[in-house]
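Residue-level structural notes
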Amino acid sequence: TNRNKRSITIDIAKPAGQTLVRELAAQADVLIENYKLGDLKRYGLGYEDLSILYPRLIYCSVTGFGQSGPSAHRPGYDFIFQGEGGLMSITGERDDLPGGGPAKVGIAVTDILTGLNATTAILAAIEYRHISGRGQYIDMALMDVIVSFGANQIASYFATGQIPKRHGNAHPNLAPYGVFRTGDGHIIIACGNQGQWKRLCRALGRPDLPEDARYHDIPHRNANRPALTEELERILMVKPSEHWIEKLTEADVPNGPINNYQQVFEHPQVVHRKLRVDMKHAGGGETGTVASPLRLRETPVEYRLAPPVLGQHTREILSDVLGKSEAEIENLKRKGIV
C-alpha cells in the first residue's frame with residue numbers, strides 16, 4: 001500500500017497551490033483523483049480545465065457512483081457498495097442457518113477492484129494516446145465496479161429470473177464442496193466431479209459411500225447435503241487437519257487449510273515466492289509490504305520506495321520535478337501552500 005510512491009502536500013484551496021498542481025500535471029502522463037463529484041472543478045482543476053492546457057493528459061476520476069445519474073452526488077464507502085451493489089446478498093451463511101444473514105467480505109474488495117479496473121482503463125487510454133496523441137477522461141465508479149464483479153451470478157439471474165441467494169461456504173450445485181470440521185479445526189474439501197468424490201471416499205476409508213443411493217451422484221448428494229456433511233465430519237473429526245490435508249493431497253482430492261495471515265506467511269509456497277518484502281521506512285526501522293503478484297520476466301517489478309509518510313517528498317518533488325529553488329520552496333512553505 002503506497003509503495004513506490006512519493007508524497008507531496010499542497011493546499012489546493014489557495015491559487016498558488018492550484019498553480020502547483022497544474023505544473024505537476026504538465027509533467028504527468030496520468031492524473032488520478034478521488035474527490036467528491038465536482039470538488040476539483042471548483043478549484044479550476046477539473047478535466048476540462050487541465051485538458052485544454054495538456055491535451056495528452058489522461059485524467060481518471062474515482063467516485064462512489066460516477067459522474068452522472070441520480071446518485072452521483074452521494075458519498076460512500078466500500079461497505080456501502082458491498083451492500084447496495086448486491087455482493088452482501090450472496091455473502092454469508094444461509095438465512096435459515098445459525099449465524100445466517102448478510103455479511104461483507106473481509107477485505108475492502110470494492111476499493112481494490114476499482115483500483116484494478118482503473119489501472120486497466122488507464123492502460124487502454126495510454127494505448128489510445130499512442131495512436132491519437134490525445135489523452136482522455138476516465139469515469140470510474142465503485143458502484144459500477146461492484147455490480148460488474150457479480151457478473152456470473154447476475155448472468156444466472158438474467159437467464160432464469162431467480163434471484164441469487166447466500167450459500168455460506170457451500171456450493172449451490174456441488175457436494176461435498178465446502179468447509180468441514182476436523183479433529184483440531186477446519187479444512188476445505190472441494191469435489192467437482194465423480195472421480196474426485198470416489199477418491200475422497202477411498203482416502204477416508206469409506207469406499208462404500210459412492211454406492212449409497214443418497215450419495216451416488218451430484219444431484220443426490222446435493223439433496224442429502226446435511227446427512228452427507230455429518231457422515232464426512234464424523235470421520236474427519238477423528239484426526240487433525242494436517243493429517244487429512246496430507247492424505248487428501250496424496251489422493252489428488254482438491255483440499256486446503258484455512259490459514260490466518262501468520263500461517264500464510266509461514267506457508268512454504270509463500271516463502272518460496274518471496275511474497276513479503278521488507279523495506280527501510282522513513283519513520284525508522286523496516287516495514288513489511290506484500291510483493292506484487294506481477295511476475296514480468298523482462299521488466300521485473302522494482303521495490304524502490306517504502307510507503308511514504310505524509311508530505312515526505314514535498315521538497316524533493318518541488319525541486320526535482322518542478323525545478324523550484326530553495327528560496328521558492330521556503331516561500332511556499334512560509335505561506336502554507338505546501
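Residues numbered from 1 in each chain as written. Predicted model: local features only at pLDDT ≥ 70, side-chain atom pairs only at ≥ 80, totals over all residues. Heavy atoms only, no water.

Brief notes about the overall build of the protein chain
Defined as follows: Numbering of helices and strands starts at the N terminus; helices are DSSP runs of H or I of at least 4 residues and strands are runs of E of at least 2. Radius of gyration: C-alpha atoms only; globule rule: 2.2 Å multiplied by the number of residues to the exponent 0.38. Partly exposed residues are those whose accessible area sits between 20% and 50% of the maximum for their type, while under 20% is buried and over 50% is exposed, using a 1.4 Å probe and protein chains only. The criterion used for residue contact is that any of the two residues' heavy atoms lie within 4.5 Å.
Each helix and strand in the protein chain was counted, giving 15 helices and eight strands. Computed over C-alpha atoms, the radius of gyration of the protein chain comes to 27 Å, more than 25% over the 20 Å expected from 2.2 N^0.38 for 338 residues, which places it beyond the range of a compact globule. A principal-axis box enclosing the C-alpha atoms of the protein chain has dimensions of 85 × 50 × 40 Å. Looking at the 338 residues of the protein chain, the share that counts as buried comes to 32%. For the protein chain, long-range pairs separated by at least 24 residues make up 64% of all intrachain contacts whose partners lie at least 6 apart in sequence.

Considerations on the pattern of salt bridges
Going by this rule: By definition here, a salt bridge exists when the distance from a side-chain nitrogen of Lys or Arg to a carboxyl oxygen of Asp or Glu is within 4 Å.
For the structure shown, the criterion picks out 20 salt bridges. The salt bridge partner of Asp212 is Arg214, with a shortest N-O separation of 2.9 Å. With a relative accessible area of 35%, Arg214 lands in the partly exposed category. Sharing partners across several salt bridges, the network here consists of Arg206, Asp208, Asp212, Arg214, Glu230, Glu231 and Arg234.

Details of the nonpolar core
Side chains of a nonpolar character, in soluble globular proteins, are inclined to be buried together. The cut-off we apply is this: Among the buried residues, those of types Ala, Val, Leu, Ile, Met, Phe, Trp, Tyr and Cys that are joined through side-chain atoms within 4.5 Å form a nonpolar core.
Ile189, Trp197, Leu200, Leu204, Leu232, Leu236 and Leu248 are the most contacted members of the largest nonpolar core, which has 20 residues in total. Each residue touching Leu200, except ones within four places of it in the same chain, is listed here: Pro176, Ile189, Cys191, Leu232, Leu248 and Val253. One finds Ile58, Val62, Val109 and Ala118 within the second-largest nonpolar core, a separate group that totals 17 residues.

Describing the sheet that holds strand S5 (residues 186-190)
Threshold: Between any two strands, pairing holds if DSSP finds at least two bridges. Each axis is a line fitted through C-alpha atoms, and for a helix only the stretch in contact is used; angles between axes span 0 to 180 degrees, taken between their N-to-C directions.
What the three strands build is an open sheet, ordered S4-S5-S6; its pairing is antiparallel. The open sheet has two edge strands with one neighbour each: strand S4 (177-181) and strand S6 (255-257). If you compare each strand with its neighbour and ignore which way they point, the axes differ by 25 degrees on average. Alignment of S4 against S5, held across five bridges, turns out to be antiparallel. Pairing of Val179 across the sheet is with Ile188, part of S5. Strands in contact with helix H10 (residues 225-236) are S4 and S5; relative to S4, the strand with the most contacts, it is inclined by about 45 degrees.

So, the packing of aromatic side chains
Note the threshold: In this scheme Phe, Tyr and Trp rings, the latter by its six-membered ring, pair at centre separations within 6.5 Å, and the angle between planes marks the pair as stacked below 30 degrees, edge-to-face above 60, and tilted otherwise. Here, a charge over a ring is recorded when the distance from Lys NZ or Arg CZ to the ring centre is within 6 Å and its angle to the ring normal is within 35 degrees.
Here the structure, examined in full by the defined rule, presents five aromatic pairs. With centroids separated by 5.8 Å and ring planes inclined at 70 degrees, the aromatic side chains of Tyr47 and Tyr59 adopt a geometry described as edge-to-face. Taken as a pair, Tyr47 in helix H3 (residues 47-53) and Tyr59 in strand S2 (residues 58-63) lie far apart in primary sequence, twelve residues in all. By the ring-pair criterion, three or more aromatic residues cluster together here, those being Tyr47, Tyr59 and Tyr137. Taking NZ or CZ as reference, Lys104 lies 5.9 Å from the ring centre of Phe79, over its face.

Things to note about the sheet that holds strand S1 (residues 30-33)
Here three strands make up an open sheet; going across it, the order is S1-S2-S3 and the pairing parallel. The open sheet has two edge strands, S1 and strand S3 (137-141), and neither has a second partner. On average, each strand axis in the sheet is tilted by 15 degrees relative to the strand beside it, whichever way the strands run. Alignment of S2 against S3, held across five bridges, turns out to be parallel. From the neighbouring strand, Val62 faces S3, where its bridge partner is Met140. The strands touched by helix H6 (residues 142-149) are S2 and S3; relative to S3, the strand with the most contacts, the crossing angle is about 65 degrees.

Quick look at unusual backbone geometry
Leave glycine aside and you will find that most residues have negative phi; peptide bonds, for their part, are mostly trans. Residue Pro176 is bonded to the preceding Ala175 through a cis peptide linkage, with omega at -5 degrees. Structurally, Pro176 can be placed in the loop between helix H7 (151-160) and S4. Of note, the phi angle at Lys274 is positive, near 55 degrees, even though the residue is not glycine.

Regarding a negative patch on the surface
Selection criterion: The patches described consist of residues with a relative accessible area above 30% and no salt bridge, like charges being joined within 9 Å and nonpolar side chains (Val, Leu, Ile, Met, Phe, Trp, Tyr) within 5 Å. Where accessible areas are quoted, they stem from the Shrake-Rupley method and a 1.4 Å probe; at the residue level, only the protein chains shown are allowed to cover. The sign given to each residue is positive for Lys and Arg and negative for Asp and Glu; His and the chain ends receive no count. To locate a charge, the coordinates of NZ of Lys, CZ of Arg, CG of Asp or CD of Glu are taken.
The grouping of Asp184, Glu242, Glu246 and Glu250 at the surface amounts to a negative patch. Structurally, the position occupied by Asp184 is in the loop between S4 and S5.

Some thoughts on the packing of helix H5 (residues 109-132) against H6
Each pair of packed helices can be described by the angle between their axes along with the distance between the axes. In plain terms, the rule: Comment on the angle field: the value is read as roughly parallel under 35 degrees, roughly antiparallel over 145, roughly perpendicular from 65 to 115, and oblique elsewhere. Nonpolar residues are Ala, Val, Leu, Ile, Met, Phe, Trp, Tyr, Cys and Pro. Charged residues are Asp, Glu, Lys and Arg, and all others, Gly as well, are polar.
It is at 9 Å that the axes of H5 and H6 come closest, and there the two elements cross at 95 degrees. Accordingly, the angle class assigned to the pair H5 and H6 is roughly perpendicular. Here H5 contributes Val109, Thr110, Asp111, Leu113, Thr114 and Asn117 to the contact with H6, which in turn contributes Leu142, Val145, Ile146 and Phe149. Its residues assigned to classes, the contact of H5 with H6 shows six nonpolar, three polar and one charged.

Any link to function would need more than the numbers given here.
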